[in-house]
Amino acid sequence: MWGGRFAAGPSAIMREINASIPFDKALWRQDIAASKAHVAMLGAQGIVSAEDAQTIADGLDKVAAEYEANGVPENWDLEDIHMTTESRLAELIGPAAGRLHTARSRNDQVATDFRLWVREACEQADAGLQALQVALVTRAGEHAGSIMPGFTHLQTAQPVTLGHHLMAYYEMIRRDRSRFADARARMNECPLGSAALAGTGFPIDRDATASALGFDKPTGNSLDAVSDRDFALDYLMAASQCALHLSRLAEEFIIWASQPFGFVTLPDSLSTGSSIMPQKKNPDAAELVRGHAGRIAGCLTSLMITMKGLPLAYSKDMQDDKPPVFEAAGLLALSIAAMTGMVAEARFRVERMRAAAELGYATATDLADWLVREAGVPFREAHHITGAAVKSAESAGIALDQLALDDLRAIDPRIDKRVYAALSVEASVAARASHGGTAPKEVRKRVAEARGALGLEGDAG
Ligand code: ARG
């Protein structure tokens, strides 16, 4: 394709290091679509004859049908998907194929193809995340009143509801979806027609190609358009943040499924056994989601470092933009699907969660709050009094609400028997009815709102 000024062909090493076809063949659909939009515009503008434009468009359809049926052939001499397609087109339709590349370059071509691919990846992530949200709100609705220990520092802190805990992930995923939506909106400008770097002297219609490919408008600066990979970085940033959230959810399932916790029985379909220990059921899918987050963040780092310090405009370094994006997209799709299955099918052992919430003096704050509310004690002092009560219960090996009233009154005489009503885990969660709090009625409100936002009918649970 560029042999004109060369006396010798590339060495084997040059051919190998240069070839992107092994991975960029994944762009074939986008490449065909962009070429069809380009040639239709060339025909409409009279830059190529209507007849050639039609011949080229039909030829591109044939190439696409071949790719669909047999896959994309991998010939390193043809470097990439763009040259592979053009060369096959020439075999099929003859010299007219040479007119397709008028008023464009592989630089704007690859920028356009890749944007189309990443735009679709944003849409796929969004669809997967929506399904995960549906699973989360469904289970949260079922468990709006199921009590479990809430943790800080992974130490029992205050009782919460399982529904509340699951809805925390709903919120994270909501932000992830908005990041993918932002990325999609920002990237939706069409580089095609920027040509090699400076634009073109041919009377092209960039609005026509932009709109044919579903872009909002053409990009505004040709140098930027061929050297910009922000769209891929935006996607990888959103994917990394999302993977990070999924890894936290995965980690919770791993902890909850361990025998000392026993909060959840993972679905068999997303667990594995051990070849040596027959009793084992391992949370491998969750562990791999946790692990994949590292690889996805690595993909982001990889492209950031590739782009760092590149001068305008296109440099061949940028060919390395695709593998990390493709890898991240594949890992993310699997991670989302695995966590959706996990949430939807996990069997929550609510009796174990409830029993764990009774341990660890989770309602100590409620005692302090009661002293503030009912006896007018300043919170700092109430905190101190409660500490003494916990110490006394701990040395007796009993729960806070098992302390005798006399023992409590010995610690502080302002305590009376009404305090016991505040010390149950049910009373504790019911009391936390502030907006976004863990009270079952508050969780049900948030679940109802979320169901509305997701377009789900009626109430859950
Ligand atoms: N295969 C190349 C890539 O993915 C296409 C652009 C090549 N442009 C060039 N000037 N060599 O980046």
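Treat the numbers as computed from the prediction; the structure is a model and nothing was measured.

Chemist: Looking at this structure, how should I read the nonpolar core?
Modeler: One broad rule of soluble globular proteins: the nonpolar side chains tend to lie buried together. Among the nonpolar cores identified, the biggest contains 97 residues, and F180, Y235, F253 and L332 are the most heavily contacted of them. In terms of residue count, helix α10 (residues 230-257) provides more of this core than any other element does, 16 residues in total. The residues touching L332, leaving out its near neighbours within four places in the chain, are A125, F180, Y235, A239, C242, A243, L246 and I296. If you look at the next biggest cluster of nonpolar residues, it comprises 19 residues, including A389, L408, I415 and L423.

Chemist: Explanation requested: the packing of helix α6 (residues 106-142) against α10 in the structure shown.
Modeler: Helices that pack against each other are described as a pair by the angle of their axes relative to one another and the distance between those axes. Contact geometry of α6 with α10 gives a least axis separation of 10 Å together with a crossing angle of 20 degrees. One element, α6, and the other, α10, form an angle in the roughly parallel class. Once α6 is placed against α10, the crossing between them reads as left-handed. Residues A111, F114, R115, V118, A121, C122, L129 and L132 of α6 form the contact with α10, whose participating residues are F231, A232, Y235, C242 and L246. Partitioning the contact of α6 with α10 into residue classes produces 12 nonpolar, no polar and one charged.

Chemist: Help me understand the packing of aromatic side chains, please; the structure alone is not making it clear to me.
Modeler: Geometrically, a pair of aromatic rings is defined through the distance of the ring centres and the angle of the planes. Applying the stated rule across the entire model yields 10 aromatic pairs. Taking the centre distance of 6.4 Å and the plane angle of 50 degrees together, the rings of W256 and F263 count as tilted. Per residue, the accessibility class of W256 equals that of F263, and both read buried. The rings of F151, F253, W256, F261, F263 and F348 are connected pair by pair, giving a single aromatic cluster. Over the ring of F215 we find R119, and its NZ or CZ is 4.8 Å from the ring centre. Above the face of the F114 ring, K322 is positioned so that its terminal group lies 5.7 Å from the ring centre.

Criteria and cut-off values
- Residues numbered from 1 in each chain as written.
- Predicted model: local features only at pLDDT ≥ 70, side-chain atom pairs only at ≥ 80, totals over all residues.
- Heavy atoms only, no water.
- Core = buried A, V, L, I, M, F, W, Y, C linked by side-chain atoms within 4.5 Å.
- Buried < 20%, exposed > 50% of the residue type's maximum accessible area, 1.4 Å probe, protein only.
- Helix = DSSP H or I, 4+ residues; strand = E, 2+ residues; numbered from the N terminus.
- Contact = heavy atoms within 4.5 Å.
- Axes fitted to C-alpha atoms, helices over the stretch in contact; angles between N-to-C directions.
- Parallel < 35°, antiparallel > 145°, perpendicular 65-115°, else oblique.
- Left-handed = near helix turned anticlockwise from the far one by under 90°.
- Nonpolar A, V, L, I, M, F, W, Y, C, P; charged D, E, K, R; others polar.
- Phe/Tyr/Trp six-rings, centres within 6.5 Å; stacked < 30°, edge-to-face > 60°.
- Lys NZ or Arg CZ within 6 Å of the ring centre and 35° of its normal.

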